[in-house]
Amino acid sequence: MKATGIVRRIDDLGRVVVPKEIRRTLRIREGDPLEIFTDREGEIILKKYSPIGEMGVFAKQYADSLSQTTGHIACIADRDQFIAAAGGGKLLIGKAVSRKLEEAVDERVNIIASKDDRKFIPIADDMVEEFEHEAICPIICEGDAIGAVVLLSKDRNTKMGEVEQKLIQSAAGFLGRQMEQ
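Quick caveat: nothing in here was measured; it's all calculated off a predicted structure.

Some points on unusual backbone geometry
Thinking step 1. Its identity is not glycine, yet R108 carries a phi of approximately 60°, on the positive side.
Thinking step 2. Inspection of the secondary structure assignment puts R108 in the loop between α3 (99-106) and β5 (111-114).

Okay, here's the thing in structure tokens:
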């Protein structure tokens, strides 16, 4: 564990303020859920809670199914990182989503674009691989945008279309409903 040198007092309601610098670095926004852990040494650990992360195995199976059906790379992300990938996208698992993808999820924007389009966005900040085409659909749960389903293609000749859009909308809708249960 890394010490920050920052000390905060607990107020009379039992609240502690997480400093702005730490919230910014960890991408914690107002209203974000935090999970609380304790250890045997008496330490309290706060971790951003990811409802999609709770469905890791299920998300992986769904990504596998999408990839097999479409022949594309299929990824599922929460608001912070990729939690599942299939079809050659395993390098994305655990990588932070890009600010542009985070904004698209927040704005609930569906994207189908090729690399040369203005709508095309990088999906991860430190992308090593180049993708030619992408299809992105936000996952909505109880009115909140909680992540995205992403299809990617490296093949210049294989564009995303209405079929891919319908598939990821269906996947995002299904995952959103699963989170509500």
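Overview of the packing of aromatic side chains
Here the distance between the centres and the angle between the planes together describe a pair of aromatic rings.
Thinking step 1. What the rule picks out here adds up to 3 aromatic pairs.
Thinking step 2. The interplanar angle of 65° and the centroid separation of 6.3 Å between the aromatic rings of F58 and Y62 together place this pair among those described as edge-to-face. With F58 and Y62 both in helix α2 (residues 56-70) and 4 residues apart, this pair spans about one turn of that helix.
Thinking step 3. A ring pair is formed by Y62 and F174, whose centres lie 5.7 Å apart and whose planes are at 35°; its orientation type is tilted. You can see Y62 sitting in helix α2 and its partner F174 sitting in helix α4 (residues 162-180), a full 112 residues away along the chain.
Thinking step 4. Judged by its relative accessible area of 31%, F174 falls in the partly exposed class.
Thinking step 5. Among the aromatic residues, ring-to-ring pairing joins F58, Y62 and F174 into one connected group.

Brief notes about the packing of α2 against α4
Between two packed helices, the angle of one axis relative to the other and the distance separating the axes together describe the packing.
Thinking step 1. Remark: α2 packs on α4, axes separated minimally by 12 Å, with the N-to-C direction vectors making an angle of 165°. In terms of their interaxial angle, α2 and α4 are classed as roughly antiparallel. Considering how the two elements wind past one another, α2 and α4 form a crossing that is right-handed. Residues F58, Y62, L66, T69 and T70 of α2 pack against L167, S170, A171, F174, L175 and Q178 of α4.
Thinking step 2. Here the contact of α2 with α4 is composed, by residue class, of 7 nonpolar, 4 polar and no charged.

About the thresholds
- Residues numbered from 1 in each chain as written.
- Predicted model: local features only at pLDDT ≥ 70, side-chain atom pairs only at ≥ 80, totals over all residues.
- Heavy atoms only, no water.
- Helix = DSSP H or I, 4+ residues; strand = E, 2+ residues; numbered from the N terminus.
- Phe/Tyr/Trp six-rings, centres within 6.5 Å; stacked < 30°, edge-to-face > 60°.
- Buried < 20%, exposed > 50% of the residue type's maximum accessible area, 1.4 Å probe, protein only.
- Axes fitted to C-alpha atoms, helices over the stretch in contact; angles between N-to-C directions.
- Parallel < 35°, antiparallel > 145°, perpendicular 65-115°, else oblique.
- Left-handed = near helix turned anticlockwise from the far one by under 90°.
- Contact = heavy atoms within 4.5 Å.
- Nonpolar A, V, L, I, M, F, W, Y, C, P; charged D, E, K, R; others polar.

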